[in-house]
2 protein chains.
Amino acid sequence: MDAETRIERSLANAVSRADGDGAPPGLASAMRYAVLGGGSRIRPRLCLAVARACGEDHPAVTDVAASAIELLHCASLVHDDLPCFDDAAMRRGRPSLHRAYGESLAVLTGDALIVLAYQSLALVADHAPRRVAPLLAILGRAAGMPRGIVAGQAWESESDIVLSDYQRAKTGALFAAATAAGAAAAGREAAEWHRLGDRLGEAYQVADDIRDVAADPGEIGKPVGRDRALGRPNAAGQLGLRGACERLDSLVAAALAAIPPCPGSAELRAHIRAQAGSLLPRALARPAA
Amino acid sequence: MDAETRIERSLANAVSRADGDGAPPGLASAMRYAVLGGGSRIRPRLCLAVARACGEDHPAVTDVAASAIELLHCASLVHDDLPCFDDAAMRRGRPSLHRAYGESLAVLTGDALIVLAYQSLALVADHAPRRVAPLLAILGRAAGMPRGIVAGQAWESESDIVLSDYQRAKTGALFAAATAAGAAAAGREAAEWHRLGDRLGEAYQVADDIRDVAADPGEIGKPVGRDRALGRPNAAGQLGLRGACERLDSLVAAALAAIPPCPGSAELRAHIRAQAGSLLPRALARPAA
């Protein structure tokens, strides 16, 4: 089964379990909207690619790890779009969740998706408890305080922002979790895989900054120019478009150099190159280096 | 060490870990405010009492299970108080979290506390993976969809509310988790302990309804008469004060009858009777039956 099918099936199973007997129908519907409405799935694809490179032997564990990371990502998008943060009207080419379902259900959808990430993990805990222990730590580190995505979002409420802490937490944390979780799901030591995820998270942040400056809104499913409008730092604003593209290239090269020795390193390099090539707006895209 | 000391120490340790290197200071402060600002700790006390009754052998596992349940409870209070839900001004005798820290940090505090509950569990996962597997399932069931506290709150957004599903999810779920987690932390089969928690959750809901009608605001640290003001169901409104007190007595009796056979059942009965006695407003309190 290909990676895309595995990821979509695992996510669909998770939201279906949430919509079990006794579920309030509005929240169940909102969770489907948040999770199944497209998305690049770049983090769970990375998780699967690392697990395969590490000689994956328990695909069910990889699948819940990858979908847990995507569920945490979806939760953060729903909460970040709320009126008290970005008040975003559009996401993935459709109304943002609070515009479609109201603010109350948007708060609860984020909460329920965070819990759902861990409920997915619980499904394999009896079967593979020694694999689940490191995954539990990886998810907490990526999502929570002091350096996960919740911390990243909270830096936006600080007057005295530590930019590197902000970006590493807001974007890098889930990429580091994707690579570490892929390794842990395959029974490998996770720690040495964080560095690859960190570099890819930085690269993704730069690419996101470039898209915010240079993409077509229809291409990325949300408005552009948000960073300038909201006074947020942007690499393309600071370095210029050409400088930001060069920075992206050097970060991808650093990521490739950070791949630990593993049986499937060649396929993993190819996966990362292909993903990096797809991050730029079409007008700027070049063949993968 | 007594139960109160164990619980407060475990909660203080959790919020201190959240405030680690690189943490955004505002969110770290808000988390302390949400967790360490008092609270009856009735759920973690119940968890510890059940673990002791079951012959507790890994106190560190019980402590993280009990504090995880309290952290989920604190998270739900912060989010339920938000303007898009109850818009509560006061909680535990102080300004509610969003009044003290703003709405953005209130959303993030709830999120971070949900994750912190699982981060606590991760601390003992390496040491006791076979105990952590059932605890992971218990926390997810209590917090998430389809029947946990998030589902309970979501029923308030439905026009066609299923009252029993609403109350069982909103209040009962964390009590059932407290008893089940106490048993699981002590290595016992958790399933047979849910029923005790369900009955205690119902009893707590009735007592809460009585307090909302008959308590002094200073005694409970929040305004009274909120159910009538917000159009929510209230047992004392439906049955009268006397009828609601009788209902409370019968639920406590049903709870005592639901205690599974265990080495410390006599002490557990005494704990439950004492807790039940403390739930009523002072003006209505009677000696424990």
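Values in this document were obtained by computation on a predicted structure and should not be read as measured data.

Here's the deal with the overall build of chain A
Then, number 1: The helix and strand inventory of chain A stands at 14 helices and 2 strands.
Then, number 2: Here the C-alpha radius of gyration of chain A, 18 Å, is about what a compact globule of 289 residues would show, namely 19 Å.
Then, number 3: Seen through its principal axes, chain A has C-alpha atoms that stretch 50 × 50 × 35 Å.
Then, number 4: Here the contacts in chain A between residues at least 6 apart in sequence split such that 68% fall between residues at least 24 apart.

Structural notes on unusual backbone geometry
Residue and element names in this part refer to chain A.
Then, number 1: A cis amide bond links Met145 with the next residue in sequence, Pro146, at an omega value of 5°.
Then, number 2: Examined against the element boundaries, Pro146 turns out to sit in the loop between α7 (129-143) and α8 (149-155).
Then, number 3: In the Ramachandran plot, Arg41 falls in the positive-phi region, its phi being about 55° despite a non-glycine side chain.
Then, number 4: Note that Arg41 resides in the loop between α2 (25-36) and α3 (42-53).

As for the interface of chain A and chain B
Then, number 1: Each side of the interface is counted separately: chain A has 52 residues, and chain B has 52 residues.
Then, number 2: Every element with two or more residues in the side of chain A that touches chain B is listed here: α2, α6 (103-125), α7 and α8 of chain A.
Then, number 3: Its residues placed into classes, the side of chain A that touches chain B shows 32 nonpolar, 11 polar and 9 charged.

Remarks on α7 of chain A
Then, number 1: Helix length check: α7 of chain A (15 residues) gives 21 Å between terminal C-alpha atoms against 21 Å at 1.5 Å per residue, within 8%.
Then, number 2: In terms of burial, α7 of chain A is largely enclosed, as 13 of its 15 residues are buried.

Re the packing of α6 of chain A against α7 of chain A
All names here are of chain A.
Then, number 1: Here α6 crosses α7 at 170°, and the two axes come no closer than 9 Å. When the axis of α6 is compared with that of α7, the two are roughly antiparallel. Contact with α6, carried on its side by Ile114, Ala117, Leu121, Val124 and Ala125, involves Pro129, Val132, Leu135, Leu136, Leu139 and Ala143 of α7 and no other residues of that element.
Then, number 2: Here the contact of α6 with α7 is composed, by residue class, of 11 nonpolar, no polar and no charged.

Looking at the confidence of the model for chain A
Then, number 1: Across chain A, pLDDT averages 93, with 99% of residues at or above 70.
Then, number 2: Reported confidence for the predicted complex is 0.96 by ipTM and 0.96 by pTM.

Structural notes on the relation of the copies chain A and chain B
Then, number 1: Aligned on chain B, chain A shows an RMSD of 0.0 Å; the corresponding rotation is 180° and the shift along the axis is 0.0 Å. Taken together, the turn and the small shift mark the pair as related by a two-fold rotation axis. Considering only C-alpha atoms, the residue of chain A closest to the rotation axis is Pro129 of chain A, which sits at 2.7 Å.
Then, number 2: Interface overlap between copies: 98% of the residues of chain A at the interface are likewise at the interface in chain B, consistent with a symmetric, same-surface contact.

Some thoughts on the packing of helix α3 (residues 42-53) of chain B against helix α4 (residues 59-80) of chain B
Residues and elements named next belong to chain B.
Then, number 1: Interaxial distance between α3 and α4 falls to 8 Å at its minimum, and their mutual angle equals 155°. One element, α3, and the other, α4, form an angle in the roughly antiparallel class. For the pair α3 and α4, the sense of crossing is right-handed. Contacts from Arg43, Pro44, Cys47, Leu48 and Ala51 in α3 reach Thr62, Ala65, Ala66, Ser67, Ile69, Glu70 and His73 in α4.
Then, number 2: Its residues assigned to classes, the contact of α3 with α4 shows 7 nonpolar, 3 polar and 2 charged.

As for helix α13 (residues 235-257) of chain A
All names here are of chain A.
Then, number 1: Along its 23 residues, α13 runs just 23 Å from first to last C-alpha, ending more than 12% under the 33 Å computed at 1.5 Å per residue.
Then, number 2: Bending of α13 peaks at approximately 100° at the position of Leu241.
Then, number 3: Along α13, the residues that are buried comprise Ala235, Ala236, Ala244, Arg247, Leu248, Leu251, Val252 and Ala255.
Then, number 4: Along its buried surface, α13 packs onto α10 (194-214) and α14 (265-279).

Concerning the environment of Ala3 of chain A
All names here are of chain A.
Then, number 1: Of note, Ala3 is situated in helix α1 (residues 3-18).
Then, number 2: In this structure Ala3 comes out as partly exposed when scored by C-beta crowding, with 19 C-beta atoms within 10 Å.
Then, number 3: As for Ala3 and Pro44, which are separated by 41 residues in sequence, their C-alpha atoms are 8.8 Å apart.
Then, number 4: Ignoring anything within four residues of it in the chain, the contact list for Ala3 reads Arg45 and Leu48.

Notes on the environment of Leu136 of chain A
Then, number 1: Within the fold, Leu136 of chain A resides in helix α7.
Then, number 2: On the basis of neighbour count, Leu136 of chain A is assigned to the buried category, with 27 C-beta atoms found within 10 Å.
Then, number 3: The spatial distance from the C-alpha of Leu136 of chain A to the C-alpha of Phe175 of chain A is 16 Å, given a sequence separation of 39 residues.
Then, number 4: If near-sequence neighbours (up to four positions away) are discounted, Leu136 of chain A is found in contact with Leu121 of chain A together with Tyr118, Leu121, Ala122 and Ala125 of chain B.

Remarks on the environment of Glu189 of chain B
Residues and elements named next belong to chain B.
Then, number 1: Take Glu189: it is sitting in the loop between α9 (163-185) and α10 (194-214).
Then, number 2: Residue Glu189 is classed as exposed on the basis of its C-beta count, with 12 C-beta atoms lying within 10 Å.
Then, number 3: Taking C-alpha positions, Glu189 is 22 Å from Ala270, a pair spaced 81 residues apart along the chain.

Scoring rules and cut-offs
- Residues numbered from 1 in each chain as written.
- Chains lettered and ligands numbered in written order.
- Predicted model: local features only at pLDDT ≥ 70, side-chain atom pairs only at ≥ 80, totals over all residues.
- Helix = DSSP H or I, 4+ residues; strand = E, 2+ residues; numbered from the N terminus.
- Rg over C-alpha atoms; globule rule 2.2 N^0.38 Å.
- Contact = placed C-beta atoms within 7 Å.
- Nonpolar A, V, L, I, M, F, W, Y, C, P; charged D, E, K, R; others polar.
- Expected span 1.5 Å × (residues − 1).
- Buried ≥ 20, exposed ≤ 12 C-beta atoms within 10 Å, placed from the backbone.
- Axes fitted to C-alpha atoms, helices over the stretch in contact; angles between N-to-C directions.
- Parallel < 35°, antiparallel > 145°, perpendicular 65-115°, else oblique.
- pLDDT = per-residue confidence, 0-100.
- Least-squares fit on C-alpha atoms with pLDDT ≥ 70 in both.
- Left-handed = near helix turned anticlockwise from the far one by under 90°.
- Bend = angle between axes of the 7 residues up to and from the residue.

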